[in-house]
Amino acid sequence: MTKSIAVFGTGPGVGQAIARRYGKEGYEIVLVARRQRPLDALARELAAGGITAHAVTGDLDQADAVAALAERIRERVGDPAALYYGPAPADLAFVPAAALTPELVQDRLPITLYTLMALVREFLPAMVERG
């Protein structure tokens with residue numbers, strides 16, 4: 001059985017670094033982000049280095065779409081052995097703590113918490129079963 005990792009939030013920073021590192025360790029990679037073109041480019045780069053990578057688009061700001069996203073991932077690699085979750089809101093801007101408001105926090109809850117919880121609910125049972 002091939003090990004796999006789903007990298008949620010495969011942006012130009014840490015997400016891509018995680019994908020490269022796990023790929024070098026023999027993991028099959030599922031790249032997940034909003035835009036197809038950058039995912040396809042990274043998948044080609046990884047493939048050129050002998051790493052199997054799958055590009056799957058998904059808006060991680062939409063927690064209610066997680067079940068469908070999880071099914072698309074399972075179609076490619078089954079239940080992943082590992083998850084990395086590091087998406088950034090599209091409108092990410094630094095907000096000093098003194099300027100935070102309940103509305104700003106509420107707006108970021110879907111991508112920072114709700115989607116992560118839904119993904120854990122989808123994939124953790126298989127991880128626990130595998131030990």
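All figures in this text were calculated on a predicted structure; none of them were measured in a lab.

1. A short note on the overall build of the protein chain
Here comes step 1: Assigned secondary structure in the protein chain consists of four helices and four strands.
Here comes step 2: Listed by position from the N terminus, the elements making up the protein chain come as β-α-β-α-β-α-β-α.
Here comes step 3: Compactness check: the protein chain gives a C-alpha radius of gyration of 15 Å against a globular reference of 14 Å for 131 residues, within 12% of the reference.
Here comes step 4: Taking the principal axes of its C-alpha atoms as reference, the protein chain extends roughly 50 × 30 × 20 Å.
Here comes step 5: Scored against the burial criterion, the 131 residues of the protein chain give a buried share of 38%.

2. Here we look at a negative patch on the surface
Here comes step 1: Together, Asp61, Asp91, Glu103 and Asp107 line one region of the surface with negative charge.
Here comes step 2: Tracing the sequence through the fold places Asp91 in the loop between strand S4 (82-85) and helix H4 (102-130).

3. Focus on helix H1 (residues 14-24)
Here comes step 1: When we look at burial in H1, the residues that qualify are Gly15, Gln16, Ile18, Ala19 and Gly23. Buried positions in H1, seen along its axis, are confined to an arc of 160° and lie on one side of it. Those residues of H1 that are exposed and aimed more than 90 degrees away from the buried face are Val14, Arg21 and Lys24.
Here comes step 2: Once H1 ends, the next one or two residues include Gly26, with phi positive near 95°.

Conventions used here
- Residues numbered from 1 in each chain as written.
- Predicted model: local features only at pLDDT ≥ 70, side-chain atom pairs only at ≥ 80, totals over all residues.
- Heavy atoms only, no water.
- Helix = DSSP H or I, 4+ residues; strand = E, 2+ residues; numbered from the N terminus.
- Rg over C-alpha atoms; globule rule 2.2 N^0.38 Å.
- Buried < 20%, exposed > 50% of the residue type's maximum accessible area, 1.4 Å probe, protein only.
- Patch = residues over 30% accessible without salt bridge, like charges linked within 9 Å, V, L, I, M, F, W, Y side chains within 5 Å.
- Areas by Shrake-Rupley, 256 points an atom, 1.4 Å probe, with all protein chains shown as cover.
- Salt bridge = Lys/Arg side-chain N within 4 Å of Asp/Glu carboxyl O.
- Lys, Arg positive; Asp, Glu negative; His and termini not counted.
- Charge placed at Lys NZ, Arg CZ, Asp CG, Glu CD.
- Arc of directions from axis to C-beta.

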